[in-house]
Amino acid sequence: MTDTVIASANQEVVIGFERPFVVIGERINPTGRKVLAAEMKAGDYHRVVDDALAQVAAGAHMLDVNAGIPLADEPAILAEAIRLVQSVTDVPLSIDSSIVAALESGLVVYKGKPLVNSVTGEEDRLESVLPLVARHGAAVVAISNDETGISEDPDVRFEVARKIVERAHDHGIPHSDVVVDPLVMPIGAINSAGRQVMQLVSRLRSELKVNTTCGASNVSFGLPNRNGINSAFLTMAIGAGMTSAITNPLHDEVMQAVLGADVMMGNDPDCMRWIGKYREPGAPAGARGNRRDRPRRRRPGPRRGPSRES
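Bear in mind the structure is a predicted one, so any value in this text is a computation, not a measurement.

1. Notes on the sheet that holds strand E5 (residues 93–96)
At step 1: Ordered by their spatial adjacency, eight strands build an open sheet running E9-E8-E7-E6-E5-E4-E3-E10, and the pairing between neighbours is parallel. Either end of the sheet is taken by a strand with one partner, and the two such strands are strand E9 (211–212) and strand E10 (244–247).
At step 2: Inspection of the sheet shows strand E3 (residues 22–28) paired to E10 by four bridges, in the parallel sense. Following the sheet pairing, Ile24 is matched in E10 by Ile246.
At step 3: The strands that helix H6 (residues 154–170) touches are strand E6 (115–119), strand E7 (139–143) and strand E8 (178–181); relative to E8, the one it contacts most, it runs at about 165 degrees.

Structural data, given as structure tokens:
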């Protein structure tokens, strides 16, 4: 069993093999959100705060905070966003940036043990991000690509993940603090993308014994009814052994898929989280639902032979 502990100043979340799936809210990200990007660049963070509170209310266990805005002071903006989010909620955070200086500014102000998102298998990235993670006692997302790009061969992506886990160990970071992203590709473009991820997640769990995460909505890019695809993907990924994902908790069907998968995997003892979420108002915790919703049983009665016409 591998447990990855992420913490704020007052709350811990544990990502683990035999634990409920961890939902990391994706909404605090200006990529593709022009209004949010403009507001953050101008020092207006009201939407960041609103998104943080809404995602936690919807069931997110952690929040991803990203400030990737072109031609903006990303280190300063990310640090301020983290300060504000931590002032309004106790859930732990994922500090998300491709810029090392921004990751460092976020780590300096963060209270607790965050998840750093992310490091790849590229040499310069390994040698700039891993020492930073080790110095701050953080956990890190390891993305399975390197200088050669993103391979469509799951075996290649697995070996990149192995390399990152080994290099993290060299820096004093245990495998329990490395959460591997096997990279979810758009299934509308790569028909085998779903099978690739399921295969990788199973190997990462059984061979490297690491927890996993992903940007779940990538799988549905370009398709209609994206939430339907995302929900199906998450249910299957959890069955394959995935332990967390960055996704949108404001979509009810996505959260229902996660909660239902936890029930099926035995990670919701006595189905209490499911019951607490979905039981009818006023019904006791052990209520079995309306009578008409229960399967009908035939009552035993006298057997009759075939009727005869006189």
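2. A few points about unusual backbone geometry
Among all residues save glycine, negative phi is the norm, and among peptide bonds the norm is trans.
At step 1: Positive phi, normally seen in glycine, also occurs at Leu183, with a value near 75 degrees.
At step 2: If you trace the backbone, Leu183 turns up in the loop between E8 and helix H7 (193–208).
At step 3: By relative accessible area, Leu183 is classed as buried at 12%.

3. Describing the environment of Val210
At step 1: Counting through the fold element by element, Val210 comes out in the loop between H7 and E9.
At step 2: In contact with Val210, other than residues within four places in its own chain, are Phe17, Val165, His175, Val178, Val180, Leu204 and Arg205.

4. Examining helix H4 (residues 100–109)
At step 1: Looking only at H4, the buried set comprises Ala102, Leu103, Ser105, Gly106, Leu107 and Val109.
At step 2: In this structure, the buried side of H4 is in contact with helix H3 (74–88), E5, E6 and helix H5 (123–136).

5. Description of the pattern of salt bridges
At step 1: This structure, assessed with the given rule, holds 14 salt bridges.
At step 2: Among the ionic pairs, Asp3 bridges to Arg19, the shortest N-O distance being 3.0 Å. Placement of the pair is Asp3 in strand E1 (residues 3–7) and Arg19 in the loop between strand E2 (12–16) and E3, with a sequence separation of 16 residues.
At step 3: Taking the relative accessible area as the measure of exposure, Arg19 reaches 33% and is therefore partly exposed.
At step 4: In the salt-bridge network here, residues are joined through shared partners; they are Glu123, Glu127, Lys163 and Arg167.

Quick notes on the rules
Residues numbered from 1 in each chain as written. Predicted model: local features only at pLDDT ≥ 70, side-chain atom pairs only at ≥ 80, totals over all residues. Heavy atoms only, no water. Pairing = 2+ DSSP bridges. Helix = DSSP H or I, 4+ residues; strand = E, 2+ residues; numbered from the N terminus. Contact = heavy atoms within 4.5 Å. Axes fitted to C-alpha atoms, helices over the stretch in contact; angles between N-to-C directions. Buried < 20%, exposed > 50% of the residue type's maximum accessible area, 1.4 Å probe, protein only. Salt bridge = Lys/Arg side-chain N within 4 Å of Asp/Glu carboxyl O.

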